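Tertiary structure, described
Here are the chains, one letter per residue:
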Amino acid sequence: MDLNYTPEDIAFRKQVRTWLEQNLPKKEIRNLEDRRAWHRKLCEAGYLGMGWPKEYGGGGARPMEQAIVADEMARANAPAPTNSLGLGIVGPTIVVHGTDAQKKRYLKKILTAEELWCQLYSEPNAGSDLAALKTSAVDQGDHFLVNGQKIWTSGGKIADWGLLLARTDTKVAKHKGISCFLMNMRQPGVDVRPLKQITGSSEFCEVFMTNVRVEKSDQIGKLGEGWAIAQTTLGYERGGRALARITNYASHFSRLVGAARRMRRHGKPLIEDPVVRQKLGRIWSEIEVERYQALRTLTLLERGEHPGAGGSLTKLSYSELEKRFMELALEILGPYGQLTEGAPEEFQLEVETAVAEQASWAYAYLWSRAGTIYAGSSEIQKNVIGERILGLPKETRADRVGGKA
Amino acid sequence: MNFSFSDDQILLRNSVHAALEEQCKPAHVRAMFDDPNGYSAELWGEMAKLGWLGLPFPEEQGGAGLGLVELALVLEEMGRVAYPGPFFETVVLGGLGIMLGGTPAQKDKWLTAIAAGKARATAALLEEHLDWDPTSTAATAARSGAGWTLSGLKRFVPWAHVADVVLVPARSPEGLSLFLVDPKASGVTLKPMVGIDLVSRWSEMRLDKVAVGADALLGQAGTAGPLLESLLRRAAVMSSAEMLGAARRCLDMSVEYAKVREQFGQPIGSFQAIRHRCAEMLLEVENAHAAVYYAAWALTAGAEDAAIASSICKAYVSEAARKVCGDAIQVHGGIGFTWEYDLHLYMKRAKALEPLYGDAEYHRELIARHVSSTR
């Protein structure tokens, strides 16, 4: 056990920090073109797709190096690249399950953000029960015809392509009738509508598909393997943001302590209130424990081991912590915490959040409610932990009894 | 960066685990409930032979020269079986205290004897107001000839009734000092304080003008403040390791029980109400593991964040253990509330350690001081 960073990792971190100092955009990113330009710069520096195999334009980097780049970007408050689902989910899926032709056709353009991707998984009636999805893909001989509706498609509005899960067989058990496809979003029959969230913004979309064409050559894996493929893609978030996430929390925490120093209660600075101090002490210990856990995960990844269902513990832990943290922030900040406009500088959250760039506590607070729902709700994670780590018996479910699909 | 145990560490853990599974079964723990000493001298001798009693001490004093990560591994296993006996007190409170602040002669005398299984030690860190801040010490040490006269009232002194030496903080003219006191010395009265964990023995220790020699002073007079803070940090982390072991045992028992106990015609573990609770317990146990071993490493390596990591560890693990052990009773239902079932042995061990060496609130205040001074 040695929790010091190696000299190589320290040198690498320094190199990334220097690069960021010299290359951070001088101007605010206003539109997709600005962001694409920043994305290309990161790509040319070798800081994107770092874990992808070299033969497909990736960096073949160690998990720690990826975590360090993300962490330094968080420290520098650097804008995020675009195409996060392309880089994080679609690319790795094609690397593992795609044909050579698919790899040649798609991977490079994902890296360079020439083509932007979204993920077409959830449906209005298939959320936690994703395998209940109803969107159909019907074999037409030389292509598939897709009909149905997807929801919670992040980046749907700007996406050129989507990674699609659709039902190709209604006669078998529901998990076995699903297949995986690459679908061109720029064609007639694809209707993308922004979904306005409680934040007032629209990071997500609804996607309606009416007689949409998917080429045979864009099928990933075999027919009926879609569910299994989706299970592996959910595991691709391999600790790349493990350190960056904590750095973000730590920076938010410093802002919160700063604000508590300026506010007063009963004539005394809030930071001297023992109740506030207890709550701050608790959250800081939870953030630090999350950091220790990140080091544990990275140790595993560096040894080439996959955390497997352990990823469910990680996701459950940080998403629930983020919710508690943001609730505390709004409690301490009072109405300042709810401002979306007009907040004095010292009560702003000037840090780019992981997914969006609204620098208000209010936005971060509302956004924290999403984390325990998306990518497997906390309840689903607890089921996975119970069944796959603790070995507890599966529950009796209505869709598993009586041979119903 | 490597947050995993070395082969040697795993070997150590496995051998401690095997020895305790064999020699510290629940029946042994229960047999100690009514034992006047409260621990088995035979097992103590065995631990000396296995090298556990000298684990963190230098080799020249008969120790193994290992660090706190190794000691935490041993203590986690002890928490797992609710080991009855003064191991923690002797090795951590007494042993590390003497190792941190003792003169060469004191180290030679005591560490050697402890490692050989010939002496037991402890420390009297609490007075009636239960303030863990060493500056709150009210006991006094007056110069008397070449030696000292100690007076004061100490409470919750663990395993003092079988100790050969007790580290006693007292206020001398030079400031806060630490003394090595024989609990059988004239002027010392011990009165048992019996808690819910019948195998965590405490005493009230009254010192009424106890005369000790010049060599009873640990290190230099007036220097005990920083020493006690270092010792408290180590005690906080090492007791957390023991709580972690107890919590893990409670989780394991709950999971096993949930697989076999049937209600409504199904194993209760198939119900989400139970399964989700078990998943939450595992999350707490795994986070507690990270907190314990990070802090143990940081203290051993002298890392810059060692002090804050120790407070984070004790604050986090105290509450995690409280939740996990409490939830374990809930998962078990009625059987978990019976004396015959073993669950309460581990739950009570964790409960006994929860308020010691600073409870969660004490440490959260230290954390708050740290974060508000650095931000």
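Residues numbered from 1 in each chain as written. Chains lettered and ligands numbered in written order. Predicted model: local features only at pLDDT ≥ 70, side-chain atom pairs only at ≥ 80, totals over all residues.

Moving on, we get to the overall build of chain A. Secondary structure assignment for chain A yields 11 helices and 10 strands. At 22 Å, chain A has a C-alpha radius of gyration in line with the 22 Å of a compact globule built from 405 residues. If one aligns the C-alpha atoms of chain A with their principal axes, the spans along those axes are about 75 × 50 × 50 Å. At a minimum sequence separation of 6, the contacts of chain A that also span at least 24 residues come to 71%. (Helix = DSSP H or I, 4+ residues; strand = E, 2+ residues; numbered from the N terminus. Rg over C-alpha atoms; globule rule 2.2 N^0.38 Å. Contact = placed C-beta atoms within 7 Å.)

What follows deals with the overall build of chain B. The helix and strand inventory of chain B stands at 11 helices and 9 strands. Computed over the C-alpha atoms, the radius of gyration of chain B is 21 Å, within 12% of the 21 Å expected from 2.2 N^0.38 for a compact globule of 375 residues. When the backbone C-alpha atoms are referred to their principal axes, chain B occupies close to 80 × 50 × 40 Å. Split into buried and exposed, the 375 residues of chain B put 53% on the buried side. Looking at chain B alone, contacts between residues at least 24 apart form 75% of all its contacts between residues at least 6 apart. (Buried ≥ 20, exposed ≤ 12 C-beta atoms within 10 Å, placed from the backbone.)

Residue and element names in this part refer to chain A. Segmentation of chain A into domains returns domain 1 (7–82), domain 2 (117–224) and domain 3 (242–389). Centre-to-centre separation of domain 1 and domain 3, based on C-alpha positions: 23 Å. Contact residues are listed per partner, giving 12 residues for domain 1 and 10 residues for domain 3. Partitioning the side of domain 1 that touches domain 3 into residue classes produces 8 nonpolar, 1 polar and 3 charged. (Domains from an automatic or database assignment. Nonpolar A, V, L, I, M, F, W, Y, C, P; charged D, E, K, R; others polar.)

Residues and elements named next belong to chain B. The assigned domain composition of chain B is domain 1 (7–120), domain 2 (123–222) and domain 3 (225–374). Once you take the C-alpha centre of each, domain 1 and domain 2 turn out to be 22 Å apart. Facing 21 residues of domain 1, the contacting portion of domain 2 comprises 15 residues. When contributions to the side of domain 1 that touches domain 2 are tallied by element, the ones reaching two or more residues are helix 5 (87–101) and helix 6 (104–115). The element contributing the most residues to the side of domain 1 that touches domain 2 is helix 5, with 6 residues.

With that settled, the discussion passes to the interface of chain B and chain A. Interface size is commonly expressed as the accessible area that is lost once the parts come together. Taken residue by residue, the interface counts 40 residues in chain B and 42 residues in chain A. Of all elements in the fold, only helix 7 (224–260), strand 9 (266–267), helix 8 (272–301), helix 9 (306–332) and helix 11 (360–374) of chain B reach the threshold of two or more residues within the side of chain B that touches chain A. In the side of chain B that touches chain A, the residues fall into 23 nonpolar, 10 polar and 7 charged.

Residue and element names in this part refer to chain B. Where helix 9 meets helix 10 (residues 343–353), the closest approach of the two axes is 9 Å, and the angle between their N-to-C directions is 160°. If you check the angle between helix 9 and helix 10, you find them roughly antiparallel. Crossing geometry of helix 9 relative to helix 10 is assigned as left-handed. Contact residues: helix 9 offers A321, C325, A328, I329 and H332, while helix 10 offers L343, Y346, M347 and A350. In terms of residue class, the contact of helix 9 with helix 10 is made up of 8 nonpolar, 1 polar and no charged. (Axes fitted to C-alpha atoms, helices over the stretch in contact; angles between N-to-C directions. Parallel < 35°, antiparallel > 145°, perpendicular 65-115°, else oblique. Left-handed = near helix turned anticlockwise from the far one by under 90°.)

Our next topic: the nonpolar core. Counting residues in hydrophobic clusters, the biggest one holds 238 residues, and the most contacted among them are A72(B), V166(B), F179(B), V237(B), A247(B), A291(B) and V292(B). The residues touching A72(B), leaving out its near neighbours within four places in the chain, are V237(B), M238(B), A241(B), V292(B), Y293(B) and A296(B). (Core = buried A, V, L, I, M, F, W, Y, C linked by C-beta atoms within 7 Å.)

With that out of the way, let us pick up the environment of T153(A). Residues and elements named next belong to chain A. Tracing the backbone through its elements, the reader meets T153 in strand 3 (residues 143–154). Considered as a pair, T153 and L120 are 33 residues apart in the sequence and their alpha carbons are 6.1 Å apart. Look past the residues within four positions of T153 in its chain and what remains in contact with it is C118, Q119, L120, F204, C205 and V207.

Residue and element names in this part refer to chain B. End to end, helix 1 (residues 7–23) covers 24 Å across 17 residues, agreeing with the expected 24 Å (1.5 Å per residue, within 8%). Every buried residue belonging to helix 1 is among L12, V16 and L20, and all of these are buried. Taken around the axis of helix 1, the buried residues stretch over an arc of 55°, which confines them to a single face. Every exposed residue of helix 1 that faces more than 90 degrees away from the buried side is listed here: D7, I10, L11, N14, A18, E21 and E22. Buried residues along helix 1 sit in contact with helix 4 (68–81). (Expected span 1.5 Å × (residues − 1). Arc of directions from axis to C-beta.)

Below, the discussion takes up unusual backbone geometry. What you tend to see is this: most non-glycine residues have negative phi, and most peptide bonds are trans. One non-glycine residue with positive phi stands out, namely W152(A), at about 60°. The class of W152(A) is buried, set by 23 C-beta atoms lying within 10 Å.

This part takes up the pairing of strand 5 (residues 178–184) of chain A. Two faces belong to every sheet, and in a regular strand the side chains alternate between them. Residue and element names in this part refer to chain A. Counting buried positions along strand 5 gives 6 out of 7 residues, so the element sits mostly inside the fold. Summarising the sheet, strand 5 and strand 8 (residues 219–220) pair through 2 bridges and their orientation is antiparallel. Directly across from C180, in strand 8, lies its bridge partner I220. (Pairing = 2+ DSSP bridges.)

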